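Structure assessment
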Amino acid sequence: MEEEDSVITRNTEQDGRVGSDLEGFGGSKKKMKIMKTMRSGKSDDKETKKKKKYWMGCLRAESDESGNVDLTVDFPGERTEPTHLVVMVNGLIGSAQNWRFAAKQMLKKYPQDLVVHCSKRNHSTQTFDGVDVMGERLAEEVRSVIKRHPSLQKISFVGHSLGGLIARYAIGRLYEKKTREELLRNSDDIGDTCPIEEPKERIAGLEPMYFITSATPHLGSRGHKQVPLFSGSYTLERLATRMSGCLGKTGKHLFLADSDGGKPPLLLRMVKDSKDLKFISALQCFKRRIAYANTSFDHLVGWSTSSIRRHNELPKLQRGPVNEKYPHIVNVEAPDTASNHKEDRSRTSSDEFKNFDMEEEMISELTKLSWERVDVSFRGTLQRFLAHNTIQVKTKMINSAGADVIQHMIDNFEP
C-alpha cells in the first residue's frame, strides 16, 4: 500500500494545550497546528479517512498510513534537511507515546539535524508476538521512514526494555555490507585513478552511529535474579519459565523457553551471525553502543542483564552522583572490550545448547564488542518504585525523575 504524509498547516493562534516544555523551542514562539491523517478502515466497502488535530509547538509531524509519526523541527523560511534518523522503540505493552518526552528533548538540542521516529508498528498486545516478528516489522518500518526522507545519511536506535531486543533483531535484518568487488564495479564510471575504499557496513543504507538501550534484558529473563520481582527464588524463577507462554511468543523468547524447529533459543542465536541475519556484525558496526541500567528498584529487569555483566562484575557504587547535573546517574564506565575475544564459543547446535550456561554464552559473545555502561539509581525518590518506566520518562507526570537520564543520553549524542 502506498504511504501518505500528514497534512500540515500553519496557525499562529495561541492554544493552551501546548505543553510548557515546548515554550521558547528553538528561540521561536510560533506554533504549528498539525493535522494527522489516518486510515480508519473500511465500512460497507467504503474507505474513510479520519483526521486528528493536535498541537506540538514547533515540532513538525509526518505520519504514514499505519499512523507512524516522524518528528522534526519546523523553521520559518528555508531550513536544512535533517541527515540523522533516530529510531525509538518501545517495550512490552508499550507505544510510541512512551518516547514523547525524550523525542521532544532530543529535537530541542538538535533541531536541524534529526528526524526522530517513535516506532508504532509494535504496540500494546502486538508486543506478545515474539522478538523476531516484531523485529521484522521494525525493519520494514525503518525502510519506509527512510524512503520518506531521502536526505538521511546516518541512523541510530534507542530502545527501552524489550524495545532494545527488537532493535537488535531489526538491525540484523537491515545490515548491509558492500564488498571490495562491489565497490570496484561501482568505480568503473569514475576511472582507475580513484582508490578503492574499504568494505562499507551500513544499516538500511545509512551510516550506523548510536545503539542505545535502557533497562533492556539483553541476557533474557531466565537467569537467576534477572527478574528482581522474584526475589531470587529459584522456585518462582522456574515457575515463571514454565508459564512464559502467558506472554505469548515473546515470553518464551525472554525466558529462553523457545525451540523453533529444534534450534537454540532466539536470544542465544542473536549473539552471533547466521546466514541470513548478521546480528553481531550489525551491532558491531555502530560507532557507539551504550547500555543504561537501573541498579535497584527495577522489578522487571535486573541490573546484570540490562548492563550485560556477570553478577560478580557489578561495580560497587559511590554514594552520590558522578555529576551534579545528572543526580540519578551513579556510575559511568567507558567502552571496554572483554578479554575473552579468542575463546572458542561456537557451540550452537540444538543438542549442545542445553549442556552449557546460556547466560554465560550470551555475555561472552556480547562483550566481545565494546559497551559504554551507565548505571542509574532513583534511590531516595518516590519514583524509585517505578524505576523501570522512570528511566525512560514514560509518563512525564509520574516519571519525571528520569529527565536527567534522558538529558545525559542527549548530551552524549553527536548528530
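Anything mentioned here points back to the structure above.
Computed from a prediction, not measured in an experiment: that's the story for all the values here.

Turning next to the layout of surface pockets. What the largest pocket holds in volume is close to 560 Å³. Every residue lining the largest pocket is counted, 31 residues in all, and those nearest its centre are Leu92, Ser161, Leu300, Val301 and His388. The biggest single contributor to the lining of the largest pocket is helix 11 (residues 387–390), with three residues.

What follows concerns the packing of helix 1 (residues 100–109) against helix 13 (residues 403–411). Their axes nearest at 10 Å, the elements helix 1 and helix 13 cross at an angle of 40 degrees. On the basis of their axis angle, the class for helix 1 and helix 13 is oblique. The handedness of the crossing between helix 1 and helix 13 comes out as right-handed. Of the residues in helix 13, those in contact with Phe101, Ala102, Gln105, Met106 and Lys109 of helix 1 are Ala403, Ile406, Met409, Ile410 and Asp411. When the residues that make up the contact of helix 1 with helix 13 are grouped by side-chain class, the tally is seven nonpolar, one polar and two charged.

Taken together, Phe385, Leu386, Met397 and Ile398 make up a surface patch of nonpolar side chains, about 440 Å² in accessible area. Inspection of the secondary structure puts Met397 in helix 12 (residues 396–399).

With that out of the way, let us pick up the pattern of salt bridges. In this structure the tally under the stated criterion is 13 salt bridges. Residue Arg173 is joined to Glu136 by a salt bridge in which the shortest nitrogen-to-oxygen separation is 2.7 Å. You can see Arg173 sitting in helix 3 (residues 162–174) and its partner Glu136 sitting in helix 2 (residues 131–148), a full 37 residues away along the chain. A relative accessible area of 30% means that Arg173 is categorised as partly exposed. For Glu136, a relative accessible area of 29% translates into the label partly exposed. Note that Arg288 and Glu372 form a salt bridge whose closest N and O atoms lie 2.7 Å from each other. Placement of the pair is Arg288 in strand 12 (residues 288–294) and Glu372 in strand 14 (residues 371–376), with a sequence separation of 84 residues. Like Arg288, the residue Glu372 is buried in the burial classification.

Thresholds, definitions, all that
Residues numbered from 1 in each chain as written. Predicted model: local features only at pLDDT ≥ 70, side-chain atom pairs only at ≥ 80, totals over all residues. Heavy atoms only, no water. 1 Å grid on protein atoms, 1.4 Å probe; cavity = no way out; pocket = protein on both sides within 12 Å on 5 of 7 lines; lining within 4 Å. Points joined across faces, edges and corners; volume = space filled by probe spheres on them. Helix = DSSP H or I, 4+ residues; strand = E, 2+ residues; numbered from the N terminus. Axes fitted to C-alpha atoms, helices over the stretch in contact; angles between N-to-C directions. Parallel < 35°, antiparallel > 145°, perpendicular 65-115°, else oblique. Left-handed = near helix turned anticlockwise from the far one by under 90°. Contact = heavy atoms within 4.5 Å. Nonpolar A, V, L, I, M, F, W, Y, C, P; charged D, E, K, R; others polar. Patch = residues over 30% accessible without salt bridge, like charges linked within 9 Å, V, L, I, M, F, W, Y side chains within 5 Å. Areas by Shrake-Rupley, 256 points an atom, 1.4 Å probe, with all protein chains shown as cover. Salt bridge = Lys/Arg side-chain N within 4 Å of Asp/Glu carboxyl O. Buried < 20%, exposed > 50% of the residue type's maximum accessible area, 1.4 Å probe, protein only.

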